[in-house]
Amino acid sequence: MIDLERLARAQQSLVEAGRVLHGAGKVPATGGNFSVRLDDKHMAVTASGRHKGFLTPADIMVTDFACHPVGSTLKPSDEARLHGQLYEDFPEAEAILHTHSRPSTLLSLLTTGSEVVVTGYELQKALEGISTHEARVVIPVFDNTQDIAALAQVAHARLAGTESCAYLIRGHGIYTWARDMNACLRHVEALDFLFDCELEMRRHR
Ligand SMILES: [Zn+2]
């Protein structure tokens, strides 16, 4: 049974996140998708193809973690299974934001290996679980694919049991998750700041 009050709050937070992230240029041209956990089996997730800057509660649907719609004829975002996988692998995650921001797209393309490592930045403390600039923050990078089920498996194999809070998809964007939507928005902002810095630093190395 879906808690309808919780669903309404989730829809409102997703509508607001869309406005904020579109205003900041992080979800251009309908890119990205967002979700909020509803319980241990269900999420509220953006429907496929919706422009994230102009979401309404009607653009946000309920699915289970395998992406079967619940009480809706809408189609979930193509990448909704990546959200479901993350909720399964990170029981404390309450919100997930996926953006196609410029820094995440560029840095993931410029990274030939399977991870981006950032360290030495005060702002990395904006990420959940990071308490010092001296920490080594490892952000896995996965190759892009249109086979989302396969990508969900790759992410599960690399992330389950870790304390990760984000991963990059090469040439595509970033996924980040947190205990609530405000923390998740903070992650998006902090990660893009760190990626911008890394891009600039690479020009000087
Ligand atoms: Zn995407």
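Calculation rules
Residues numbered from 1 in each chain as written. Predicted model: local features only at pLDDT ≥ 70, side-chain atom pairs only at ≥ 80, totals over all residues. Heavy atoms only, no water. Disulfide = S-S within 2.5 Å. Buried < 20%, exposed > 50% of the residue type's maximum accessible area, 1.4 Å probe, protein only. Helix = DSSP H or I, 4+ residues; strand = E, 2+ residues; numbered from the N terminus. Contact = heavy atoms within 4.5 Å. Phe/Tyr/Trp six-rings, centres within 6.5 Å; stacked < 30°, edge-to-face > 60°. Donors = N, O, S within 2.8 Å, 3.2 Å for Na, K, Ca; no water. Tetrahedral: all angles 85-135°; square planar, octahedral: opposite > 155°, others 65-115°. Salt bridge = Lys/Arg side-chain N within 4 Å of Asp/Glu carboxyl O.

As for the state of the cysteines
Argument step 1. Within this structure, the stated rule accounts for zero disulfides.
Argument step 2. Sulfur of C197: no disulfide; nearest cysteine sulfur belongs to C165 and is 16 Å away.
Argument step 3. On the accessibility criterion, C197 (21% relative accessible area) is partly exposed.

Section: the environment of V62
Argument step 1. Along the chain, V62 falls in strand β3 (residues 60-64).
Argument step 2. The exposure class assigned to V62 is buried, which follows from its relative accessible area of 7%.
Argument step 3. The sequence separation of V62 and L97 amounts to 35 residues, and the corresponding C-alpha distance is 16 Å.
Argument step 4. If sequence neighbours within four positions are ignored, V62 has contacts with I2, L7, L38, H42, M43, H68, P69 and V70.

Details of the side chain of T63
Argument step 1. Secondary-structure assignment places T63 in strand β3.
Argument step 2. Exposure remark for T63: the relative accessible area of 0% places this residue in the buried category.
Argument step 3. In contact with T63, not counting residues within four places along its chain, are K41, H42, M43, V45, H68, P69, V70 and P76.

As for the packing of aromatic side chains
Argument step 1. In this structure the tally under the stated criterion is five aromatic pairs.
Argument step 2. Aromatic side chains F65 and Y87 sit 5.5 Å apart centroid to centroid with 25° between the ring planes, which places their arrangement in the stacked category. In this pair, F65 is assigned in the loop between β3 and α2 (80-89) and Y87 in helix α2, connecting sequence segments 22 residues apart. With respect to class, F65 is no different from Y87; both count as buried.
Argument step 3. Relative to W177, the ring of F90 has its centre 5.0 Å away and its plane inclined at 45°; by these criteria the two rings are tilted. Here F90 is found in the loop between α2 and β4 (95-99), whereas its partner W177 is found in strand β8 (residues 173-178), with 87 residues between them in sequence.
Argument step 4. By relative accessible area, which is 4% here, W177 ends up buried.
Argument step 5. Members of the aromatic cluster, connected to one another through ring pairs, are F90, F142, Y167, Y175 and W177.

Considering the coordination of the zinc ion
Argument step 1. Within the first shell, the zinc ion binds the protein through E79 (OE), H98 (NE2), H100 (NE2) and H172 (NE2), at distances of 2.1 to 2.5 Å.
Argument step 2. With four donor atoms in place around the zinc ion and angles of 88 to 147° between them, the coordination shape is irregular.
Argument step 3. Positions of the donor residues of the zinc ion along the chain correspond to the pattern E-x18-H-x1-H-x71-H. Taken together, the positions of E79 in the loop between β3 and α2 and H172 in the loop between β7 (166-169) and β8 put the pair 93 residues apart, joining distant regions of the chain.

Some remarks on the pattern of salt bridges
Argument step 1. One pass over the full model with this rule turns up 12 salt bridges.
Argument step 2. For E200, the salt bridge identified is with R203, shortest N-O distance 3.4 Å. One end of the pair, E200, and the other, R203, are both in helix α5 (residues 181-204), three residues apart, so they sit about a helical turn from each other.

That's the geometry; what it means functionally is another story.
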